[in-house]
Amino acid sequence: MRPSELTTLVSGLLHEETQITDRGLDLTVNEVLRVETPGRVDFGGDELDGANCSVHEKVWRDEDDEYQWWHLKGGQYLVEYNETFSTDRALRVQTRDAVRERGAFHPTLELTELGRVPFAVAPGGLRLKENARISTVLPPEAESE
């Protein structure tokens, strides 16, 4: 599968021409969340309970800007994407190099459905603009015959 063919699996693209790269299809951040109180995970799932999360505030960098910025301190967050997918075959989602090189990352994940993803920021912090491309979906490798 070529990177451009990922558009048949991923919906909610903001700007297809920019998001399709040689490697794959870039995903953009819609929301950054802070975990306020812990969730619960047990063995059987009867006591499974979600964490209480709050939306991280955004600020204007410049009054002429169209989008706001998150000023993230070092720590753990959850991110939500503008894009979605739900497939039968797992897709690999990796942190974009531009994000990793600035001290932030999320684990590489094999997902059949895109949901919230944990996002770690180095102690120095990160400025992240609304709709920034933070992750890349890689095309599935061809099946061996």
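Up top is the structure.
Everything quoted here is computed from the prediction, not taken from an experiment.

Asks: For this particular structure, what's the right way to read the overall build of the protein?
Replies: A count of helices and strands for the protein gives two helices and 11 strands. When the backbone C-alpha atoms are referred to their principal axes, the protein occupies close to 50 × 50 × 25 Å. Considering only residue pairs separated by 6 or more positions, the protein has 63% of its internal contacts joining residues 24 or more positions apart. Carbon together with sulfur atoms contributes 46% to the accessible area of the protein, which is approximately 9000 Å² in total. Separation between the mean location of the 16 positive side-chain charges and that of the 28 negative ones in the protein comes to 6 Å.

Asks: Where do I start with the nonpolar core in this structure?
Replies: A general feature of soluble globular proteins is that nonpolar side chains tend to end up buried together. Formed by 26 residues in total, the largest nonpolar core has its most connected members in Phe119, Leu128 and Ile134. Of all elements in the fold, only strand S2 (25–37), strand S4 (69–72), strand S5 (75–81), strand S6 (84–95), strand S9 (117–121), strand S10 (126–129) and strand S11 (133–138) reach the threshold of two or more residues within this core. Of all the elements, S2 adds the most residues to this core, at four residues. Not counting residues up to four positions away in its chain, the partners in contact with Ile134 are Leu27, Val29, Val79, Tyr81, Gln94, Thr95, Arg96, Val99, His106, Phe119 and Leu128.

Asks: Is there a simple way to think about the environment of Pro140 in this case?
Replies: Structurally, the position occupied by Pro140 is in the segment after S11. Residues Pro140 and Glu101 lie 39 residues apart in sequence; the distance between their C-alpha atoms is 25 Å. Setting aside chain neighbours within four positions, we find Pro140 in contact with Met1, Leu6, Arg89 and Leu91.

Asks: Could you clarify how one ought to interpret the layout of surface pockets in this entry?
Replies: Rolled over the atoms, a probe sized like a water molecule indicates the empty space that remains. In this structure, the largest pocket occupies an estimated 150 Å³ of space. Surrounding the largest pocket, Trp69, Arg96, Ala98, Val99, Arg102, Leu126, Arg127, Leu128, Lys129, Ala132, Arg133 and Ile134 form its lining. When contributions to the lining of the largest pocket are tallied by element, the ones reaching two or more residues are helix H2 (97–100), S10 and S11. A per-element tally of the lining of the largest pocket places S10 first, with four residues.

Conventions used here
- Residues numbered from 1 in each chain as written.
- Predicted model: local features only at pLDDT ≥ 70, side-chain atom pairs only at ≥ 80, totals over all residues.
- Heavy atoms only, no water.
- Helix = DSSP H or I, 4+ residues; strand = E, 2+ residues; numbered from the N terminus.
- Contact = heavy atoms within 4.5 Å.
- Areas by Shrake-Rupley, 256 points an atom, 1.4 Å probe, with all protein chains shown as cover.
- Lys, Arg positive; Asp, Glu negative; His and termini not counted.
- Charge placed at Lys NZ, Arg CZ, Asp CG, Glu CD.
- Core = buried A, V, L, I, M, F, W, Y, C linked by side-chain atoms within 4.5 Å.
- Buried < 20%, exposed > 50% of the residue type's maximum accessible area, 1.4 Å probe, protein only.
- 1 Å grid on protein atoms, 1.4 Å probe; cavity = no way out; pocket = protein on both sides within 12 Å on 5 of 7 lines; lining within 4 Å.
- Points joined across faces, edges and corners; volume = space filled by probe spheres on them.

Function cannot be read off these values alone, since they describe shape.
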